[in-house]
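These are the residues of each chain, in order.
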Amino acid sequence: GANPTVHRRAKVIERLEEQKLLLADPAYKRIVRSSVKKDGERTTVEKHQRVLPWWRSVQNGTFAFFVRSGLKPIEFAKDKTAIAVPSLDKLPAIIDTLITAVRNGELDEQLAQAAKQATPKKQRKAA
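Predicted model, so just to flag it, every value in this text is computed and none were measured.

(A) Representation of the overall build of the chain. Scanning the chain from N- to C-terminus turns up three helices and seven strands. Ordered by position from N to C terminus, the α and β elements of the chain give α-β-β-β-β-β-β-β-α-α. Expected size for 127 residues packed as a compact globule is a radius of gyration near 14 Å; at 18 Å, the chain overshoots this value by more than 25%. Projected onto its principal axes, the C-alpha coordinates of the chain cover approximately 55 × 45 × 30 Å. Within the chain, the proportion of its 127 residues that are buried is 24%. A separation threshold of at least 6 residues defines the contact pool for the chain, and within that pool the share at least 24 residues apart is 43%.

Here's what the structure looks like:
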């Protein structure tokens, strides 16, 4: 069967690589391929999808970089979801460090926690 931990790692690494591309080119867009049935034939359609930055500027002139898994940023420590970055030119090195940490499994627990929060609870209907 599929290993959810490996899948989560791969997805986060892919998104972190996209953040590096977005940092280099602010107009970067992700290409998403999907198949559509048109006139009884299946054709592949490419869509350009906007990539949102995972960093925000902070009042003191620095930046806060956060890693998203699903819709929510992951927590590195209790109520700490961002990494302080002194300037944007330091961001690629931090992203590379995060990619290495994810590959080595150092953030597996945080990614699993974020995945648990992201899955909605199914409601049971009363019979």
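That covers the picture; the talk isn't over yet.
(B) Seen up close, the nonpolar core. Counting 21 residues, the largest nonpolar core has Leu16, Phe65, Val67 and Val102 as the members making the most contacts within it. Taken together, the elements giving at least two residues each to this core come down to helix H1 (4–24), strand E4 (63–66), helix H2 (91–103) and helix H3 (108–118). For this core, the leading source of residues is H2, giving five residues. For Val102, the residues in contact, after removing those within four places along its chain, are Arg9, Val12, Ile13, Leu16, Leu107 and Leu111.

(C) Structural detail: H2. Between its first and last C-alpha, H2 extends 18 Å over 13 residues, near the 18 Å set by a 1.5 Å rise per residue. Immediately beyond the C-terminal end of H2, within one or two residues, lies Gly105, with a positive phi of roughly 80°.

(D) Summary view of the sheet that holds E4. Taken in spatial order, the three strands of this open sheet run E3-E4-E7, and their pairing is antiparallel. Lying at the two open borders of the sheet, with one neighbouring strand each, are strand E3 (55–57) and strand E7 (82–85). Strand-to-strand, the axes of this sheet are offset by a mean angle of 25°, without reference to chain direction. Two strands pair when backbone bridges link them, and E3 and E4 are joined in this way by three bridges, in the antiparallel orientation. Each bridged residue has a counterpart across the sheet, and for Trp55 the counterpart in E4 is Phe65. Taken strand by strand, H2 contacts E3, E4 and E7, and its axis lies near 145° from that of E7.

Cut-offs used in this document
- Residues numbered from 1 in each chain as written.
- Predicted model: local features only at pLDDT ≥ 70, side-chain atom pairs only at ≥ 80, totals over all residues.
- Heavy atoms only, no water.
- Helix = DSSP H or I, 4+ residues; strand = E, 2+ residues; numbered from the N terminus.
- Rg over C-alpha atoms; globule rule 2.2 N^0.38 Å.
- Buried < 20%, exposed > 50% of the residue type's maximum accessible area, 1.4 Å probe, protein only.
- Contact = heavy atoms within 4.5 Å.
- Core = buried A, V, L, I, M, F, W, Y, C linked by side-chain atoms within 4.5 Å.
- Expected span 1.5 Å × (residues − 1).
- Pairing = 2+ DSSP bridges.
- Axes fitted to C-alpha atoms, helices over the stretch in contact; angles between N-to-C directions.

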